[in-house]
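One letter stands for each residue in the lines below.
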Amino acid sequence: MAACFGIRTPHLRHLGEILKTRIRQARESGSLDQAQYYDNIAMAWGHVATPDEAKAWLMQGVVDSEGFMAKTCHGLVVTVPGRGGNQRIQMRDRPEPTLYDVETLLVAGRAYLSGESLTGDMRRRIAAVVRGCEDLLSKPDQTGTD
């Protein structure tokens, strides 16, 4: 379908190289951490470079900063209707194992939840991911590691 628009594989490879370079430059300068959301960046990075690079950046950020963890959780949670018109936040699905480590998310999330500095929204998102990770790890065949 891409060929219909005159865009061919070499064009996409060239764009991928540009994207990879820009992402790496932003990571090195620290500006990548200022992005509003991380999930699309990580997915694109995983496609144009290696998922290991994107995963290393995500998981190091999760360990280093509660704010980074909360932003990472944006791409992992969804708001669903609850009882009495209340909404609740839950983890979407199993996080993509090439980009996310469930155990790292769980350990870091628990540590941040034990502190006092999270805002209410950050706490709800992180708690949803912690619950989701606990559920996944209680069923080892769902983690993508077994």
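Residues numbered from 1 in each chain as written. Predicted model: local features only at pLDDT ≥ 70, side-chain atom pairs only at ≥ 80, totals over all residues. Heavy atoms only, no water.

Here we come to the confidence of the model for the protein chain. In low-pLDDT regions, the fine details of the predicted coordinates are not to be read closely. Across the protein chain, the average pLDDT comes to 90, with 92% of residues at or above 70. Within the protein chain, helix α1 (residues 9-29) has the poorest average pLDDT of any element, 91, and helix α5 (residues 102-113) the best, 98. (pLDDT = per-residue confidence, 0-100. Helix = DSSP H or I, 4+ residues; strand = E, 2+ residues; numbered from the N terminus.)

So, about the environment of L106. Within the fold, L106 resides in helix α5. Remark: the alpha-carbon pair of L106 and E116, spanning 10 residues in sequence, is separated by 18 Å.

As a further point, take helix α2 (residues 39-48). Among the residues of α2, A42, W45 and G46 are the ones counted as buried. Each buried residue of α2 sits inside an arc of 100° when the element is viewed along its axis, so together they form one side. Facing away from the buried side of α2 by over 90 degrees, the exposed positions are N40 and H47. Here the buried face of α2 lies against α1 and α3 (51-64). (Buried < 20%, exposed > 50% of the residue type's maximum accessible area, 1.4 Å probe, protein only. Arc of directions from axis to C-beta. Contact = heavy atoms within 4.5 Å.)

In globular proteins that are soluble, nonpolar side chains generally tend to be buried together. The biggest cluster of nonpolar side chains holds 36 residues, and the ones touching the most others in it are L58, M69, L105, I126 and V129. Put simply, the parts of the chain that give this core at least two residues each are α1, α2, α3, α4 (66-74), β2 (87-91), α5 and α6 (120-137). Per-element accounting of this core gives the leading share, seven residues, to α6. Residues contacting L58, with those up to four places away along its chain left out, are Y38, A42, F68, T72, L99 and Y100. (Core = buried A, V, L, I, M, F, W, Y, C linked by side-chain atoms within 4.5 Å.)

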